[in-house]
Amino acid sequence: MGNTLASQTDASTRELMTRLGQSSTRAALIYQHGSRKREREIASGVDVMIVDALKRRPRSKGHAGGTEG
């Protein structure tokens, strides 16, 4: 649980390995567990990126995505 909480501070895998004295990334990943709160944060972050990308996308002109009509 401690490594899971530490990972939610945006610590890198290397930092987590050092913190717990682990020598392999596999060991570090085994002891990290997801949480519903973090899943919501990730989903929200992805949503923000999609909305921002859509806002920056140039608008098409004309009928049906750029065709004249």
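All values derive from a computational prediction rather than experimental measurement.

Asks: Outline the confidence of the model for the chain, listing residues and values.
Replies: Overall, the predicted model of the chain reaches an average pLDDT of 81, with 87% of residues at or above 70. Across the chain, helix H4 (residues 36–56) holds the top mean pLDDT of 90, while helix H1 (residues 2–7) sits lowest at 76.

Asks: Go over a nonpolar patch on the surface with me, naming the residues and quoting the values.
Replies: Together, Ile42, Val46, Met49, Ile50 and Leu54 make up a nonpolar patch on the protein surface, roughly 450 Å² of accessible area in all. Residue position: Leu54 is located in helix H4. Residue Leu54 is classed as partly exposed on the basis of its relative accessible area of 46%.

Thresholds applied
- Residues numbered from 1 in each chain as written.
- Predicted model: local features only at pLDDT ≥ 70, side-chain atom pairs only at ≥ 80, totals over all residues.
- Heavy atoms only, no water.
- pLDDT = per-residue confidence, 0-100.
- Helix = DSSP H or I, 4+ residues; strand = E, 2+ residues; numbered from the N terminus.
- Patch = residues over 30% accessible without salt bridge, like charges linked within 9 Å, V, L, I, M, F, W, Y side chains within 5 Å.
- Areas by Shrake-Rupley, 256 points an atom, 1.4 Å probe, with all protein chains shown as cover.
- Salt bridge = Lys/Arg side-chain N within 4 Å of Asp/Glu carboxyl O.
- Buried < 20%, exposed > 50% of the residue type's maximum accessible area, 1.4 Å probe, protein only.

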